[in-house]
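Structural overview for review
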Amino acid sequence: MNLDFLKVIVVLIALALLNFKIRPSLSSLNFFIMNLGLFLLLFAASLDFTDGIKELDYLPVLGKQAAYHDLLEDQFGDTAGLALFIFAAFREIITRQK
């Protein structure tokens, strides 16, 4: 099994758990920020998955020869998505302690 596909599956499971199981106990702003972070992680994981498919190399965003592919995947997707998710989680923890 491709590990990039496993990353896509893990992010999808996290999104499903957040939306169906954890949603009622979160504030609406933190829920929105967490969802945004997870969707950015899903975007980065799907770009990472398409790196292994050689037939998609000629497409502008999906092909790994595009100049901005790594920038979108690493800086915009992974870093920003993880930062937003962690920020919302810490925000939720801090607001519950008060």
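About the cut-offs
- Residues numbered from 1 in each chain as written.
- Predicted model: local features only at pLDDT ≥ 70, side-chain atom pairs only at ≥ 80, totals over all residues.
- Heavy atoms only, no water.
- Helix = DSSP H or I, 4+ residues; strand = E, 2+ residues; numbered from the N terminus.
- Buried < 20%, exposed > 50% of the residue type's maximum accessible area, 1.4 Å probe, protein only.
- Contact = heavy atoms within 4.5 Å.
- Axes fitted to C-alpha atoms, helices over the stretch in contact; angles between N-to-C directions.
- Parallel < 35°, antiparallel > 145°, perpendicular 65-115°, else oblique.
- Left-handed = near helix turned anticlockwise from the far one by under 90°.
- Nonpolar A, V, L, I, M, F, W, Y, C, P; charged D, E, K, R; others polar.
- Phe/Tyr/Trp six-rings, centres within 6.5 Å; stacked < 30°, edge-to-face > 60°.

1. Structural notes on the overall build of the protein
When helices and strands are tallied, the protein shows three helices and zero strands. Secondary structure of the protein in N-to-C order comes out as α-α-α. Each of the three principal axes of the protein carries a C-alpha extent, and together these read 50 × 25 × 15 Å. Burial status across the protein gives 31% buried among its 98 residues. The contacts of the protein with a sequence gap of at least 6 include a subset with a gap of at least 24, amounting to 63%.

2. A closer look at the packing of helix H2 (residues 28-50) against helix H3 (residues 69-97)
Where H2 meets H3, the closest approach of the two axes is 8 Å, and the angle between their N-to-C directions is 155°. Taken together, H2 and H3 sit at an angle that is classed as roughly antiparallel. When the axes of H2 and H3 are compared, the crossing they make is left-handed. Looking at the contact of H2 with H3 residue by residue, the class counts come to 19 nonpolar, seven polar and five charged.

3. Digging into the environment of Gly37
In this fold, Gly37 is placed in helix H2. Spatially, the C-alpha atom of Gly37 lies 14 Å from that of Arg91, the residues being 54 residues apart in sequence. Once you skip the residues sitting within four places of it in the chain, Gly37 turns out to touch Gly81, Leu84 and Phe85.

4. Looking at the packing of aromatic side chains
Using the criterion set out here, one finds two aromatic pairs in the structure. Centre to centre, the rings of Phe5 and Phe49 are 5.5 Å apart; their planes meet at 45°, and the pair counts as tilted. Of the two residues, Phe5 sits in helix H1 (residues 3-22) while Phe49 sits in helix H2, which places them 44 residues apart along the sequence. You can call Phe5 partly exposed: its relative accessible area is 34%. Residue classification places Phe49 among the partly exposed residues on the basis of a relative accessible area of 27%. With centroids separated by 6.3 Å and ring planes inclined at 80°, the aromatic side chains of Phe43 and Phe76 adopt a geometry described as edge-to-face.

5. Side note on the packing of H1 against H2
Two numbers describe how H1 lies on H2: the axes approach to 9 Å, and their chain directions differ by 165°. Between H1 and H2, the angle falls in the class roughly antiparallel. Taken as a pair, H1 and H2 cross one another with a handedness that is left-handed. On the side of H1, the interface is formed by Asp4, Phe5, Lys7, Val8, Val11, Leu12, Ala14, Leu15, Leu18 and Asn19, while H2 contributes Phe31, Met34, Asn35, Leu38, Phe39, Leu41, Leu42, Ala45, Ser46, Asp48 and Phe49. Taken together, the residues of the contact of H1 with H2 break down into 15 nonpolar, three polar and three charged.

What is shown is where atoms sit, not what they do.
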